[in-house]
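Geometric and topological summary
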Amino acid sequence: MPKVSLVSTEFIDALPEEYQGSHASEEPLDLLYVAGALCDAVESRIIDLTQDDDLAFLAQSDVIVYSTTNSYLQWNNHPLGLSLFKKVWDRSGRYVRPDVPRFVFGPHAPMHYTEILAMGATAVFVGEAELDIANAVNTAIGFAGSISSSPLNTPSVVSNLDTLPTPAYFQALRREYAAHNSPDGTFKLGHLYEASRGCPYQCSFCNTITHRREYRTKSPAIIQRDLGRLASTSGRRDYVYFIDESFAYRNEWFDSIIPILEELPFSYGAQGNLAFMNPKKLDSLQRAGFVSIEFGLESADREILKKVGKNNRLSQATDLINSAAALDLNPLLFINVGLPGETIETLKSTADFLATLSPKVRISVAMPTPYKGTALDAMGRRSGVIPADAPPEEGYLYTGRIGHDLPFSETRKNNFLAKYGPNNFLESRVVDSFGRDVLELFGAK
């Protein structure tokens, strides 16, 4: 039986000091889809490059599939994305037999398409490529036609999410994957799932503009099938995180899946949007067993939000967020500082807004990077902040520097993000220190 190794980009060495993201490995959902879509005549395995039995399987494999996903999704092409992938590529390459096809896909493929091909990849796939990868594997072992990289300018899109297979969760049970954004570390282990894809909004800093823009949902029957199978497969994990960009966007669909989730033996987390959240939906989430809900607040200044294309209904935001906290939904707010139009006054507005929130609210702070194809990148190039000939992979050098005149040092930025990047509950000391530190970051006395 042909063997297929599925390799995810993970932190397998000491973490670089400047890395502010989650350090824990989480389920490689994209690879679990691939495993679920492979033909029955294939034996596949999620590979841990630190385990001898996995390395032996890798050495015997007929096809290798790499996802460039780091812990969680890391869709934002973290500066370490390519270097982490190179480590995994080089380490695995010591065990791969000559001429074995090596396919690559995932969030770093569009940004580093040329570099990955130059490293020796047989083909690179961009966009929502889970089914394309499965077809390429089946082709490589003799079950179909020809293989070529998917064009960089036409990312794959899965129009009908019901065509995605049930993720092969049984492949992940021997690994201790983390529970994403579990509040207080209540759940140590967790699964990832998606009930929908896409975001209907046009935030200027978001790099899903290259794909995943069209909003689509899985049918309630498919969600019930997938999570029902998960419930019967997994006897030791009770937390499911929906990685949907806009969970609960469509009202009727949301109402139709809540009874399904209520009947399953899981607690849940998800990411939504303040623009379409309301008290009724919060009550439904609480009733279904949600213990975490995330919102992209970005800024509490209306002009900033207007500039970046974000609608957060700030007039209702405080009540919604505090209501979510009162329902023990442990709301998490994503904050971006250094957005276009940022001033000391706008930073104060955000700090003042956080002071109105319950201590049960969490924040995670970042700075916007001008990714290829985004309006933020175009703004940076028009203004001359980003040189016209700067390649896309150098966008990291301009994180937080587009569209405003506030100075900051890289060292101070890294220290600030290391402190406020992880989830922080808004205890009074955190509120006070954030208000002080964010002003000092940008040079305020």
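See the structure above.
Treat the numbers as computed from the prediction; the structure is a model and nothing was measured.

Moving on, we get to the sheet that holds strand 6 (residues 191-193). The strand order across the open sheet built from seven strands is 6-9-10-11-12-13-14, with neighbouring strands paired in mixed fashion. The open sheet has two edge strands, strand 6 and strand 14 (424-425), and neither has a second partner. Here strand 6 runs beside strand 9 (residues 239-242); their pairing, made up of three bridges, is parallel. Residue pairing in the sheet places Tyr193 in a bridge with Phe242 of strand 9. Strands strand 13 (362-366) and strand 14 of the sheet are contacted by helix 13 (residues 410-420), whose axis makes an angle of about 155° with strand 13.

It is worth spelling out the packing of helix 7 (residues 251-263) against helix 8 (residues 279-288) at this point. Packing of helix 7 against helix 8 leaves a shortest axis separation of 9 Å and a crossing angle of 20°. By the angle class used here, helix 7 and helix 8 are roughly parallel. In the packing of helix 7 onto helix 8, the handedness of the crossing is left-handed. For the pair formed by helix 7 and helix 8, the contact residues are Asn251, Phe254, Asp255, Ile258, Leu261 and Glu262 on the first element and Lys280, Lys281, Ser284, Leu285, Arg287 and Ala288 on the second. Class assignment of the residues belonging to the contact of helix 7 with helix 8 gives a composition of five nonpolar, two polar and five charged.

We now examine the pattern of salt bridges. Side chains carrying opposite charge are able to pair once their charged atoms draw close together. For the structure on display, the rule yields 23 salt bridges. The residue Glu128 makes a salt bridge to Arg197 at a minimum N-O spacing of 3.3 Å. Remark: Arg197 occurs in strand 7 (residues 196-197) and Glu128 occurs in the loop between strand 5 (123-124) and helix 5 (130-140); sequence separation between them is 69 residues. By the burial criterion, Glu128 is buried, and Arg197 matches it. Residues participating in the shared-partner salt-bridge network are Glu128, Glu130, Glu194, Arg197 and Arg216.

Reading guide: rules and limits
- Residues numbered from 1 in each chain as written.
- Predicted model: local features only at pLDDT ≥ 70, side-chain atom pairs only at ≥ 80, totals over all residues.
- Heavy atoms only, no water.
- Pairing = 2+ DSSP bridges.
- Helix = DSSP H or I, 4+ residues; strand = E, 2+ residues; numbered from the N terminus.
- Contact = heavy atoms within 4.5 Å.
- Axes fitted to C-alpha atoms, helices over the stretch in contact; angles between N-to-C directions.
- Parallel < 35°, antiparallel > 145°, perpendicular 65-115°, else oblique.
- Left-handed = near helix turned anticlockwise from the far one by under 90°.
- Nonpolar A, V, L, I, M, F, W, Y, C, P; charged D, E, K, R; others polar.
- Salt bridge = Lys/Arg side-chain N within 4 Å of Asp/Glu carboxyl O.
- Buried < 20%, exposed > 50% of the residue type's maximum accessible area, 1.4 Å probe, protein only.

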